[in-house]
Structure formats: structure tokens, C-alpha cells
Amino acid sequence: MFKKIAVSSLSVAMLAGVLAGCGGSGEGKENSSSGTSGSNEGKVKIRILTRLASEQPNAVAFQDKVKEFQELNPNIVIEDLSVEDGDTFNTKFKTSVASGNLPEIFANYGGAAFAEYAKSGVAMDLTEVLEGDKQWSEPFLDVFDNWRFQDVPGTYAVPYEFFAIGVFYNKDLFSQANIQVPTTIGEFEEAMQKLKDAGIVPMALGEKDSWRGGHLYSVLANKLMGDQVADDILNRKIKYDDQRFIDVLELMKSWQKKGFFGDNIVSLDTTAEKNMFHTEKTAMHMDGSWYIGEAIKSPIGDKIGFFPFPYSEDKPEYKDVWMGGAGMAFSISGTLEGEKKEAAIKFLKFVTSEDAFKYYQEVQQGGVFPVKMEVDPTKVDPLSVSYSEAIKNATFRSELYAYDPLPQMFDTVRNNIQGMFAGMAPDKAAKSMQDQVDKLLK
Amino acid sequence: MRLARFRLSGPVLYLISILWALVTLYPLVFTVMSSFKTTDEIYSAPFKLPSLYSFSNYAKALFDAGMLRAIGNSFGISIVSTLSVILLGSLASFVLARLGLKFGNAILLYFLLGIMIPIHTTLIPLMKMVSSVNGHNHYLTLILIYTAFHLPFAIFLISSHMRGISKELDESATLDGCGPIRLFASILFPLTMPAIATAFILTFLYVYNDLVIAVIFISDKSMFTIPLTMLTFVARSLTEYGPIFASIVVSIIPMVIVFLAFQERVVSGLAAGAVKE
């Protein structure tokens, strides 16, 4: 008995020794490593961590530009750590941040969740860089909101992607059900009813992926409550169980009850939803501008049209409030100095220049980007042209709950919407969102 | 105690076996079937036979995405890590189980503690250590990490099996003039083969399938392992399941070879050494 105790206490001691040793050496080396790894035989090494690593045209176009930069700048070595899958990207990003070994350039989506990184100096303030090179920064659309924060001055990223949520539809199915493109929510409901009566699922929703419902919620809230609502969420002037939010949820729930989204939507995922659209089982597909490339390549590519999400007859003043804005953006690590910093800025400018965006559009045969640029209808597909046309006067707001200073609300809202589609009452779902806020603020 | 005497007669036994075979084989058949389909077809007609046997998914996986190279990488990394686990593990087990060291048990326990450390909790310190020696994009980095993490379990398996072998064997061997190295290499190692085979397969399977370590330490495309290469088919708005299934089919082959080679020993190895006689 005594022997056993002795042995186990000995092993505990050994374990403690190892753990302590680990922690100590790691801390000490952190600084020296970031200093030495830069000088690779006089070359500057820049590591980039993006979510552009697949074989899709958008990623290929970006990789082309990286190669071009590499050829033009033999003194800079680009090491690409990119990975496209979301969870894997997060693992990689969080591990890098926590170990103090952040890549020089990294992708992110901004919002309240990113504020902490701006405050703690993980990301660099790019205001001076943007101000210092007007030729580069001028064409950008005003979509920097996600990287400007109330309590820290500065701009912490440059947008690389731009998105706006609208509705893609199947022209054949529309004429089959004898309906016109709807402009108001009333017309939209009528159209959906007609499609339903014609035996077509009006607009399938793959709510197994909770962002589908989250996007619909944000879009509807924009159209019914206006662009002010994002600021109200940011400043906590509105509660999630406000009657106006409940109305939005009830509208969504009523559409589900009428069968506008199809059956068992909570067990349908996005890929399956898109498959329904591509096999003409559903007439409409609400999605962001990132979908354009896929739409063109789909088997029904030439039948797909696009219209802006319908606005409310009662609130025509909010007609041009869109869910949209910058998608992925690039930040520069806040700890850089000297030639490394210069190289990183040079690279950032190179891949987000107007010329670069033109190149991306050419390779993708379309797409919309966060810069003002002339769209050549002969080179670009009709969907991108109608997109660019539609968003000319738009005001953009990202996913509403991303404005909430509590980052946890992002998942909370999405999950409660999913819960509502699975059976929870709209007012219960709204209350459950607000309860979470109250709990977290306590 | 009538139940105990109940025996499955021939036809019933066969029926159950056939059902079981179906259940086990179905995922494999589904994978092979899907590997010929387009992503749209996988979704719209998941259970039908492919409408067209096209090898485009295979071409895409093997040549465009570099699956061939990835299989080579994964296989190489797995084999080297596994062999070093086996070599170090069996040597350590020999010392701990047979030589009767004073602190043998304590050291064994210390090794066994390693089984309880989840790999994810060590990512951040590992990242710090690897970057301090500029160890990104080196096969050796992966091999060392995998070896370290699988050593405890291998030692656990092998040493418990070695203890079960009668001590008199050592004594008579020593009497006949056999030194410790020969005792290990020609007598104990072969006798422990079931446990070693088990450790081999378990380590190999794990390393071959691992994603997280490779994701963090490998960014050079030519060094990608199989799971990393498959990730290139996962785009943000679209997952290309066709090439993924094709990759799975191709990457199963080396595993099947390893398993067939060791299979018989594994089954006996899993139970062997569990009980002391």
C-alpha cells in the first residue's frame, strides 16, 4: 500500500516537472524566434493564412496573384499556410495567436469578435497605410465597418471579399408557374404561394446549417426595421425580444408553416439545398454574391436570374438596406517591424489593388468585389452585371448579431432561429436570445 | 442456465453473419459507388448506382490535387513513426517488464500517464517548441510528435504482454549463455509479436488518419498528407464530395495491405496480455 502511494506521488512529481519545464522554455523563446526566423539568407519571409486554398476559381485566382508577387519580388519569400475549411482554419488561427506565432498576413471576418484582437495589438492599425496611398485605397467601397471599433481607434483590415445577399431564381420555373419577379414582400409571398400550388418548393432553406436562417433573419430585419437596427444592437438600445424582432421571426415561421421552404428544413444542409435548386426542385435560392460562380457552372446556369431581396410595402424607405458588406478581409500582424512590415504591406496592396480585383473577376468570370470598378458586360456574366447594377445605391449591413458586443450572441441567435424552425415558438426563441444577453451581462 | 446451452444452428448463424457483413460492407460500397458520381448526383440519388462510370473524380484526386504524392507522404510518415514507436516501445518494455529495475514500476507509471494527455491540449506548447527550432514543414517534426504520443500506449500494450511470458524462459536462456540483447531480439520480441502487431496497427491507423498535427505544422503542398489533401476539396460554399470519395477509396488501399499483413495477430493480440496467468 505504502509503495503504491509512493510511486504515484513520485509520478505526479515527475509530471509536474515536465509541465513546468514546458511552460517556462516556451515563454522565453517566443521573442527570439519571431526575430530570427525573418532573416532567411537576406530574404524576408512572409507567411499568409487565408481561406483560399481549394481548387475553386476564386482560390486559384488568388494563388495566381501570389505567384506573380513572388516572381516580381524575389527578395520576399511567401509561405502560404492557407486552409479553406472553417474549423480547421480556426484551429490554425487560434493556435498561432495563442503561441505568439501569428502569420504576417491573416484572414478574418471582423466584427465584435475581432475587437479583442485589435485592442491587444494582434492586428495592426492600417489607417496610415490607407491614408498614405490614396491611389490604392480610393477605389474601396465603404465596407470597413467590421474592422473599426468604438473603444480603439483605427482600421484593422482591408477587405478582400464583398458579398450581398439576394435571391437567385430559376427563370423556367417562374414562367411555368406564371409569375413575375417580385419586388415587395407582398408580391414575394404571392409568388411563393403560386409556386407552391404548382407543386414546386418555392425557396428551399438548408437550415441544418444554422447560418441559412440567420441570414434570412438579418435580411428581413434590414428590410423591416432599417439600417438603424445594427447600431441599436451595438449600443444595446434594442432587445432581442422586442416586438419588431418577434414580428420578423413570426414572418419566417409563417413561411415555414405554409411550406415555402420545403419539408424538414432542419435536416437539410446547404449543399443539399443548392442541389435542389440545381435539379429544379426549388425555384429560388437565397444566397450571397459568392454563389455567382457556382450558379454559372451549375447544370441550370443559363436559366438562373437574380433579383434583390423584396422590400416591405410599409417601409419603402428601407428598400436599399442590404445584408452585405465585406466578407473575408486581410489583417497584418501587429508585432511586425522594419522590412518585414514593409514587405507585408507591399503584399497586401498587391493582392487588393484594383488591378488584382479585375484579374479575380476575369478568372472567375464574374463576381462582385469591395472596390468600385467598371464592369465590362462582354467579359463578365449577366448575373454579376445585374448584381453590380442592383447594389449601386445600397447601404450594407452585415449579419445583424455580429454587431453585438458579446461575440457569443452570434451562435446564440443562429441556434435559436434553428430552434424556432425545429418547433420553438417565435416569442420563446426571441426571449431565449435576450435571456442569454442578460445572463452574460450579469 | 438453459440460455447458456442455446447454440446458433447453421442457417441462423449464416443469416446473422450475412446481415453483419452487409452492415460492415455497406459504407465501403457506398464510398466506391459515390466515387464515380458527381457531387450533384451524390445528393440527388445517393443510393442509386452511378449513372455513368467516369473516372474524372479519380483523375482529379490523383493528379490535380496530388493524392498520389499525399499517399506516399502519409504512408512514409506513418511507417517511420510506427516503426520507431515499435522499436522504442518494445525496448523500453523489455527493460521495464523483464529486468526488475528498482524504480521500474514508477517509470512505467510515468509512461502510462502519457496516455491520459489529450493531444489537443498540447498544440500551443508544441507550436512554440516547433517554431523555436524552425521545425515547420519537416517530416521529422511530425514523426517525432507522433512517436512521442503513441509511445505510452505501445509500452502499455507490449510490457503487459511481456510480463505474461514466463520468467524461467529468461533464466534458461541466460544459463545457455544468451546475452540480454539476444534475449530480447531472438526470444522475447517474437513471443510478444501479438502485442507488437496490435500496437503497430493502432499507431499506424492513427497516424495515417491524423489531421490536426499535420494541419498545424505542414503548409508546403508537396508535403501534404492524405487528410490535408482532401481538405482542398472543401471550399467555403461547396464541398466536392465526388473527389473526396475517390480519395478515400485510393487511400484505403495501403491500409488494407497493412491490415491484411497483421490482421491475424491483431485479433489475438487485443486480448493477449490482458490477463496474467
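Residues numbered from 1 in each chain as written. Chains lettered and ligands numbered in written order. Predicted model: local features only at pLDDT ≥ 70, side-chain atom pairs only at ≥ 80, totals over all residues.

### Section: the interface of chain A and chain B
Turning to step 1, where the next piece is worked out: With 39 residues of chain A in contact, the opposing surface of chain B contributes 32 residues.
Turning to step 2, where the next piece is worked out: With 11 residues, helix α1 (residues 2-36) of chain A is the single largest residue contributor to the side of chain A that touches chain B.
Turning to step 3, where the next piece is worked out: When grouped by side-chain class, the residues that make up the side of chain A that touches chain B number 13 nonpolar, 16 polar and 10 charged. (Contact = placed C-beta atoms within 7 Å. Helix = DSSP H or I, 4+ residues; strand = E, 2+ residues; numbered from the N terminus. Nonpolar A, V, L, I, M, F, W, Y, C, P; charged D, E, K, R; others polar.)

### Some remarks on the domain arrangement of chain A
All names here are of chain A.
Turning to step 1, where the next piece is worked out: Taken as a whole, chain A is organised into domain 1 (37-161 + 327-373) and domain 2 (164-325 + 400-441).
Turning to step 2, where the next piece is worked out: Across the boundary between the two partners, domain 1 contributes 13 residues, which contact 12 residues of domain 2.
Turning to step 3, where the next piece is worked out: For the side of domain 1 that touches domain 2, the secondary structure elements donating two or more residues are α2 (57-72) and α4 (112-119).
Turning to step 4, where the next piece is worked out: Here the residues of the side of domain 1 that touches domain 2 are counted per class, giving 5 nonpolar, 7 polar and 1 charged. (Domains from an automatic or database assignment.)

### Looking at the sheet that holds strand β11 (residues 321-326) of chain A
Residue and element names in this part refer to chain A.
Turning to step 1, where the next piece is worked out: What the 3 strands build is an open sheet, ordered β6-β11-β13; its pairing is mixed. Since the sheet does not close on itself, it has two edges, and those belong to β6 (162-164) and β13 (395-397), each with one partner. Geometrically, the sheet is characterised by an average inter-axis angle of 45° between neighbouring strands, direction not taken into account.
Turning to step 2, where the next piece is worked out: Summarising the sheet, β6 and β11 pair through 3 bridges and their orientation is antiparallel. In the sheet register, phenylalanine 162 faces β11, and the bridge partner there is alanine 326.
Turning to step 3, where the next piece is worked out: Across the sheet, helix α9 (residues 211-225) touches β11 and β13, and the angle it forms with β11 is around 125°. (Pairing = 2+ DSSP bridges. Axes fitted to C-alpha atoms, helices over the stretch in contact; angles between N-to-C directions.)

### With respect to the packing of helix α5 (residues 67-98) of chain B against helix α8 (residues 139-164) of chain B
Residues and elements named next belong to chain B.
Turning to step 1, where the next piece is worked out: One way to put it is that α5 packs onto α8 with a least axis distance of 6 Å and a crossing angle of 40°. It follows from the interaxial angle that α5 and α8 lie oblique. Crossing of α5 over α8 shows right-handed handedness.
Turning to step 2, where the next piece is worked out: Looking at the contact of α5 with α8 residue by residue, the class counts come to 18 nonpolar, 8 polar and 2 charged. (Parallel < 35°, antiparallel > 145°, perpendicular 65-115°, else oblique. Left-handed = near helix turned anticlockwise from the far one by under 90°.)

### Some remarks on the UniProt feature "transmembrane region" (unreviewed entry) in chain B
Turning to step 1, where the next piece is worked out: Per the UniProt annotation, the sites labelled "transmembrane region" (unreviewed entry) are residues 12-33, 75-96, 108-127, 139-160, 181-205, 211-234 and 241-262 of chain B.
Turning to step 2, where the next piece is worked out: Secondary structure within residues 75-96 of chain B divides into 100% helix and 0% strand; the distance between the first and last C-alpha atoms comes to 31 Å. (UniProt positions renumbered as here; feature names shortened; annotations may be inferred.)

### Here's the deal with the nonpolar core
Most often, soluble globular proteins have nonpolar side chains that are buried together.
Turning to step 1, where the next piece is worked out: Counting residues in hydrophobic clusters, the biggest one holds 180 residues, and the most contacted among them are Ile105, Ala221, Ile332, Ala344 and Leu348 of chain A together with Ala154 and Ala199 of chain B.
Turning to step 2, where the next piece is worked out: A total of 13 residues in this core trace back to one element, the largest contributor, which is α8 of chain B.
Turning to step 3, where the next piece is worked out: Per-domain counts for this core show at least three residues from each of domain 1 (37-161 + 327-373) and domain 2 (164-325 + 400-441) of chain A.
Turning to step 4, where the next piece is worked out: When near neighbours in sequence (up to four residues on either side) are disregarded, alanine 344 of chain A contacts Ile46, Glu104, Ile105, Ile332 and Leu336 of chain A. (Core = buried A, V, L, I, M, F, W, Y, C linked by C-beta atoms within 7 Å. Buried ≥ 20, exposed ≤ 12 C-beta atoms within 10 Å, placed from the backbone.)

### Thoughts on α5 of chain B
Since one α-helical turn is 3.6 residues long, residues separated by three or four positions face the same way.
Turning to step 1, where the next piece is worked out: With 32 residues, α5 of chain B extends 45 Å from end C-alpha to end C-alpha; this agrees with the ideal 46 Å at 1.5 Å per step.
Turning to step 2, where the next piece is worked out: Positive phi appears at glycine 100 of chain B, one or two residues downstream of α5 of chain B, with a value of about 60°. (Expected span 1.5 Å × (residues − 1).)

### Some thoughts on the sheet that holds strand β8 (residues 201-203) of chain A
All names here are of chain A.
Turning to step 1, where the next piece is worked out: Taken in spatial order, the 4 strands make up an open sheet running β8-β9-β7-β10, and their pairing is mixed. Edge positions in the sheet fall to β8 and β10 (304-308), since each of these pairs with one other strand and no more. Pairwise comparison of adjacent strand axes, ignoring direction, gives a mean angle of 25° for this sheet.
Turning to step 2, where the next piece is worked out: Sheet topology note: the strand β7 (residues 166-170)/β10 ladder contains 5 bridges and is antiparallel. The residue of β10 that forms the bridge with asparagine 170 is isoleucine 304.

### Brief notes about the environment of leucine 109 of chain B
Turning to step 1, where the next piece is worked out: Relative to the helices and strands, leucine 109 of chain B is located in helix α6 (residues 104-113).
Turning to step 2, where the next piece is worked out: Considering only alpha carbons, one finds leucine 109 of chain B and phenylalanine 156 of chain B, 47 residues apart in sequence, at a separation of 9.2 Å.

### Details of the pairing of strand β4 (residues 105-108) of chain A
Residue and element names in this part refer to chain A.
Turning to step 1, where the next piece is worked out: By the alternation rule, side chains of β4 split into Ile105 and Ala107 and Phe106 and Asn108, which are all buried.
Turning to step 2, where the next piece is worked out: Sheet topology note: the strand β2 (residues 43-49)/β4 ladder contains 2 bridges and is parallel. Of the residues in β4, the one forming a bridge with isoleucine 48 is isoleucine 105.
Turning to step 3, where the next piece is worked out: Judged from the 4 bridges that link them, β4 and strand β12 (residues 329-332) form a sheet pairing that is antiparallel. Within β12, the residue paired with alanine 107 across the bridge is phenylalanine 330.

### Overview of helix α11 (residues 243-257) of chain A
Residues and elements named next belong to chain A.
Turning to step 1, where the next piece is worked out: The end-to-end C-alpha distance of α11, which contains 15 residues, comes to 20 Å, matching closely the 21 Å that a straight helix rising 1.5 Å per residue would cover.
Turning to step 2, where the next piece is worked out: Restricting attention to buried positions, one finds in α11 the residues Phe245, Val248, Leu249 and Met252. The arc that holds every buried residue of α11, seen down its axis, measures 90°, which confines them to one face. Projecting away from the buried face of α11 at angles above 90 degrees are the exposed residues Gln243, Arg244, Ser254 and Lys257.
Turning to step 3, where the next piece is worked out: The inward-facing, buried residues of α11 contact α9, α17 (409-421) and α18 (426-441).
Turning to step 4, where the next piece is worked out: Following α11 by one or two positions, glycine 259 has its phi on the positive side, about 80°. (Arc of directions from axis to C-beta.)

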